[in-house]
Amino acid sequence: MTEEQYIISGMSCAACSSSVQRVVSRLDGVESCEVNLITGKMNVGFDEAKTGEADFIRVVEKAGFGITPDKPREEIKKQPDKKENSGLAPLVISAVLSAVLLYISMGQMLYDKLPVPFFMNMNSSPFDFALTQLLLCIPVLFLGRKFFVSGIPLLLRGYPNMDSLVAVGAGASFIFSVVMTYMIPYDPHAVHNLYYESVAVVITLVALGKHLEQRSMRKTASAVKKLMELTPDNAQVLRGDKEYTVPTAEVGVGETLIVKPGAKIPLDGIVTKGNSGADESMLTGESIPVEKSVGSAVIGGSINLNGVIYIKVTRVGGDTALAKIIKFVEDAQNKKAPISKT
């Protein structure tokens, strides 16, 4: 069985990740498939003789989502941090407008002497009362248009998600309220059948949840990237009698590294020459330096503090201690609790 990891784009809720997992799991030859909404990644185990990347791309894109093979850790580490728009300003505007809508529409029901402008009085000016709510609701709908842009197409494809639910519910309530607004001049009692405030509040609260979720996703990605950055990009390698600077990924087992004071130790190994102290707090949390001499084991990602040391590499790539820690973190994020699989 072969295991591969893919990045899934366009997911916004648990229903999205479930849809991706369902369509991929149905493929002949797929033995396991796990999709994590927070990390946006899919781990799939499959039989190469029966299925592969082309089939995964076909079914995932048909379901309305994007899919790309996961990038190597070296490439992820080199990518600059994206300065994403937090989306807080539209959320604040929606919240303020929703609060005003609630005050206008529900305030007099809770306390009939609540002060409101004369043209917003439900009893004396029902049409103006409804029109004011309509004008306040339209900006909230515009700021929450992403629910309709993503939810409706997924609904039409047969893979509805939470955006589809919000779009259908908010859209139906808004259209019904507009019809009731039109009916008020002919039937003043239609003013009691307005749901503009419900539309605005639902969109605002769901947008707030998505905002918090996006923050969690960014923090998760940042934590993994910081672990990757502990390993230096280049290493000083002794080949023959000469010292060369080569990418860390190109260093092989058995080669000798030269690590100078203040530099990060690129890979796991054993000290063959020199004495120094190493800051291993990145792994142990202990700030006191650990003395290193000939025969001592060193960990890739730790810092050489005060002396030049020569290190014989014993582990590279995914076998290093730091790489295993990163893998444990990624596996913990990607795997679901047993109760969430039922």
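Let us look at the structure shown here. Everything numeric here is computed off the predicted structure, so don't read it as measured data.

With respect to the nonpolar core
Okay, so step 1: Formed by 28 residues in total, the largest nonpolar core has its most connected members in Cys137, Phe174, Leu194, Tyr196, Val199 and Ile203.
Okay, so step 2: For this core, the secondary structure elements donating two or more residues are α4 (88-110), α5 (126-143), α7 (162-183) and α8 (196-228).
Okay, so step 3: Ranked by residues supplied to this core, first place goes to α5 with 7 residues.
Okay, so step 4: Here Tyr196 is in contact with Leu101, Ala130, Gln133, Leu134, Cys137, Phe174, Ser177, Val178 and Thr181, once residues within four sequence places are set aside.
Okay, so step 5: One finds Cys13, Leu27, Cys33 and Ala63 within the second-largest nonpolar core, a separate group that totals 24 residues.

A short note on the pairing of strand β3 (residues 41-46)
Okay, so step 1: Of all 6 residues in β3, 5 are buried, a share of seventy percent or more.
Okay, so step 2: Judged from the 6 bridges that link them, strand β1 (residues 2-9) and β3 form a sheet pairing that is antiparallel. For Tyr6, the partnering residue across the bridge sits in β3 and is Met42.
Okay, so step 3: Here strand β2 (residues 30-36) pairs with β3 via 6 bridges, running antiparallel. By the bridge assignment, Val30 is partnered in β3 with Phe46.
Okay, so step 4: Connecting β2 to the antiparallel partner β3 that follows it, the hairpin turn spans 4 residues, and Gly40 within it adopts a positive phi of roughly 70 degrees.

Quick look at the sheet that holds strand β10 (residues 290-292)
Okay, so step 1: One open sheet accounts for 3 strands, arranged β10-β9-β12; its pairing is antiparallel. Edge positions in the sheet fall to β10 and β12 (303-304), since each has one partner strand and no second.

Focus on the packing of helix α1 (residues 14-25) against helix α2 (residues 53-62)
Okay, so step 1: Between α1 and α2, the least distance of the axes is 9 Å, while the angle of their chain directions is 135 degrees. Looking at the two axes, α1 sits oblique to α2. Crossing of α1 against α2: the hand is right-handed. Two secondary-structure elements touch here, α1 through Val20, Val23 and Val24 and α2 through Phe56, Val59 and Val60.
Okay, so step 2: Along the lines of polarity and charge, the residues of the contact of α1 with α2 split into 6 nonpolar, no polar and no charged.

Re the side chain of Gln133
Okay, so step 1: Counting through the fold element by element, Gln133 comes out in helix α5.
Okay, so step 2: The class for Gln133 is buried, based on a relative accessible area of 1%.
Okay, so step 3: The residues contacting Gln133, other than those within four sequence positions of it, are Leu101, Ile104, Ser105, Leu194, Tyr196 and Glu197.

Brief notes about the packing of aromatic side chains
Okay, so step 1: The final tally for this structure, using the stated rule, is 5 aromatic pairs.
Okay, so step 2: Consider the rings of Phe174 and Tyr196, whose centres lie 6.0 Å apart with planes at 70 degrees: the pair is edge-to-face. Of the two residues, Phe174 sits in helix α7 while Tyr196 sits in helix α8, which places them 22 residues apart along the sequence.
Okay, so step 3: Ring centres 6.0 Å apart and planes at 50 degrees place the aromatic pair Tyr182 and Tyr186 in the tilted group. Residue Tyr182 shares its accessibility class with Tyr186, and that shared class is exposed.
Okay, so step 4: Taken together, the aromatic side chains of Tyr6, Phe46 and Phe56 make up a single cluster linked through ring pairs.
Okay, so step 5: The ring of Phe147 has Lys146 sitting right over it, with the charged end atom 5.9 Å from the ring centre.

As for the pattern of salt bridges
Okay, so step 1: In the structure shown here, the tally under the stated rule is 5 salt bridges.
Okay, so step 2: Close ionic contact of Arg315 with Asp268 constitutes a salt bridge, the shortest N to O distance being 3.2 Å. Residue Arg315 is found in strand β13 (residues 309-315), and its partner Asp268 is found in strand β8 (residues 268-273); the two are separated by 47 residues along the sequence.

Thoughts on α7
Okay, so step 1: Helix length check: α7 (22 residues) gives 32 Å between terminal C-alpha atoms against 32 Å at 1.5 Å per residue, within 8%.
Okay, so step 2: Looking at α7, one finds that the buried residues are Asp163, Ser164, Val166, Ala167, Ala170, Gly171, Phe174, Ser177, Met180 and Thr181.
Okay, so step 3: Where α7 is buried, its residues meet α5, α6 (145-157) and α8.
Okay, so step 4: Capping the start of α7 is the job of one residue whose side-chain oxygen sits 3.2 Å from the backbone nitrogen of Asp163: Asn161.

A few points about the environment of Thr320
Okay, so step 1: Tracing the sequence through the fold places Thr320 in the loop between β13 and α10 (321-334).
Okay, so step 2: For the pair Thr320 and Gly269, spaced 51 residues apart in sequence, the C-alpha to C-alpha distance is 9.2 Å.
Okay, so step 3: Other than its neighbours up to four places away in sequence, Thr320 contacts Leu267, Asp268 and Arg315.
Okay, so step 4: A distance of 3.2 Å separates a polar atom in the side chain of Thr320 from the backbone oxygen of Gly317.

Here's the deal with the sheet that holds strand β5 (residues 234-239)
Okay, so step 1: Spatial ordering of the open sheet is given by β6-β5-β7-β13-β8-β11, a layout of 6 strands whose pairing is antiparallel. Each of the sheet's edge strands pairs with one partner strand only, and the pair in question is β6 (242-247) and β11 (297-298).
Okay, so step 2: Taken together, the 6 bridges between β5 and β6 define a ladder with antiparallel strand orientation. Bridge assignment links Ala235 to a residue of β6, and that residue is Val246.

Rules behind the numbers
- Residues numbered from 1 in each chain as written.
- Predicted model: local features only at pLDDT ≥ 70, side-chain atom pairs only at ≥ 80, totals over all residues.
- Heavy atoms only, no water.
- Core = buried A, V, L, I, M, F, W, Y, C linked by side-chain atoms within 4.5 Å.
- Buried < 20%, exposed > 50% of the residue type's maximum accessible area, 1.4 Å probe, protein only.
- Helix = DSSP H or I, 4+ residues; strand = E, 2+ residues; numbered from the N terminus.
- Contact = heavy atoms within 4.5 Å.
- Pairing = 2+ DSSP bridges.
- Axes fitted to C-alpha atoms, helices over the stretch in contact; angles between N-to-C directions.
- Parallel < 35°, antiparallel > 145°, perpendicular 65-115°, else oblique.
- Left-handed = near helix turned anticlockwise from the far one by under 90°.
- Nonpolar A, V, L, I, M, F, W, Y, C, P; charged D, E, K, R; others polar.
- Phe/Tyr/Trp six-rings, centres within 6.5 Å; stacked < 30°, edge-to-face > 60°.
- Lys NZ or Arg CZ within 6 Å of the ring centre and 35° of its normal.
- Salt bridge = Lys/Arg side-chain N within 4 Å of Asp/Glu carboxyl O.
- Expected span 1.5 Å × (residues − 1).
- Polar contact = N/O pair within 3.5 Å; in protein donor to acceptor, adjacent residues only side chain to side chain.

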